[in-house]
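# Examining the three-dimensional arrangement
Each chain is listed here by its residues.
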Amino acid sequence: NAGVTQTPKFQVLKTGQSMTLQCAQDMNHEYMSWYRQDPGMGLRLIHYSVGAGITDQGEVPNGYNVSRSTTEDFPLRLLSAAPSQTSVYFCASRPSPSSGRRGTQYFGPGTRLTVL
Amino acid sequence: GDSVTQMEGPVTLSEEAFLTINCTYTATGYPSLFWYVQYPGEGLQLLLKATKADDKGSNKGFEATYRKETTSFHLEKGSVQVSDSAVYFCALTAEKLVFGQGTRLTINP
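These remarks concern the structure in this document. (Residues numbered from 1 in each chain as written. Chains lettered and ligands numbered in written order. Predicted model: local features only at pLDDT ≥ 70, side-chain atom pairs only at ≥ 80, totals over all residues. Heavy atoms only, no water.)

## Focus on the overall build of chain A
For chain A, the helix and strand inventory stands at zero helices and 11 strands. N-terminal to C-terminal, the α/β element order of chain A is β-β-β-β-β-β-β-β-β-β-β. In terms of overall size, chain A behaves like a compact globule, its C-alpha atoms giving a radius of gyration of 14 Å where 116 residues would be expected to give roughly 13 Å. On the principal axes, the C-alpha backbone points of chain A span a range of 45 × 30 × 25 Å. The buried share among the 116 residues of chain A stands at 50%. (Helix = DSSP H or I, 4+ residues; strand = E, 2+ residues; numbered from the N terminus. Rg over C-alpha atoms; globule rule 2.2 N^0.38 Å. Buried < 20%, exposed > 50% of the residue type's maximum accessible area, 1.4 Å probe, protein only.)

## Re the sheet that holds strand 8 (residues 76-78) of chain A
Residues and elements named next belong to chain A. Taken together, the four strands give an open sheet; going across it, the order is 1-3-8-7, and neighbouring strands pair in antiparallel fashion. The sheet terminates laterally at strand 1 (4-7) and strand 7 (64-66), the two strands that pair on one side only. On average, each strand axis in the sheet is inclined to that of its neighbour by 20 degrees, with strand direction left out of account. As paired elements, strand 7 and strand 8 share three bridges and run antiparallel to each other. (Pairing = 2+ DSSP bridges. Axes fitted to C-alpha atoms, helices over the stretch in contact; angles between N-to-C directions.)

## Looking at the interface of chain A and chain B
How big an interface is tends to be reported as the loss of accessible area on association of its parts. On the chain B side, the residues contacting the 19 residues of chain A number 21 residues. Together, the buried faces of chain A and chain B total about 1500 Å²; carbon and sulfur atoms form 52% of this surface. At the boundary of chain A and chain B, one finds three residue pairs in polar contact (both at pLDDT 80 or more). Elements supplying a minimum of two residues to the side of chain A that touches chain B: strand 4 (31-38), strand 5 (42-51) and strand 9 (87-94) of chain A. Here the side of chain A that touches chain B takes four residues from strand 5 of chain A, the largest share from any one element. Along the lines of polarity and charge, the residues of the side of chain A that touches chain B split into nine nonpolar, eight polar and two charged. (Contact = heavy atoms within 4.5 Å. Buried area = accessible area lost by both parts, 1.4 Å probe. Polar contact = N/O pair within 3.5 Å; in protein donor to acceptor, adjacent residues only side chain to side chain. Nonpolar A, V, L, I, M, F, W, Y, C, P; charged D, E, K, R; others polar.)

## Quick look at the sheet that holds strand 3 (residues 19-21) of chain B
All names here are of chain B. Read across the sheet, four strands follow the order 3-9-8-7 without closing on themselves; strand pairing throughout is antiparallel. At either end of the open sheet lies a strand with only one pairing partner, and these are strand 3 and strand 7 (56-59). The sheet shows a mean angle of 20 degrees between the axes of neighbouring strands, taken without regard to direction. Pairing between strand 7 and strand 8 (residues 62-65): four bridges, direction antiparallel. Within strand 8, the position partnered with K56 by the bridge is T65.

Purely geometric numbers; function is a separate question.
Shown next as structure tokens:
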């Protein structure tokens, strides 16, 4: 059981470059989320999805796009990278509350992104 | 909106000391409460959870009790080990999972 997988593990970008962080889960979870982790800031929610075709903004959505065309995948796109986006990014998934497994969230291993 | 406030770190203890990391929350309704742990270089792992008032979550010697009257979910361990050194996050869930800012714990031999 792979759980939540993320690629790449490390990435260095130049300002203005674009890239996509990949996230996939094999647990048939309805909910998926992207967080960024910065020193002293805890985890902040970027975007989340409650099911295929449905996405919504979190706390810090600017500069990021997401889509959810399948239940399994939830890619995060940086359209024009900025140094302020240097961070560690975590993808997470959990079942919907209606499934009876309320709230337990599973995290991917993270992607460390540096924008020069 | 929903929020979680946890004890400022870093916290440094000696091995076998008693640990408390405070966590209080603000939420509408009846959220579930969680403690996650992040070991160096790794992602977050669920440590324990409680889904209703007076529930006690426990795992690996850690415990936390869902106290609705004080809106708290403090993490405790009676005797910490060097291997417990990590960052600990308190969290709650309604529709979204809301995290505290994390508390870095270092245990010295």
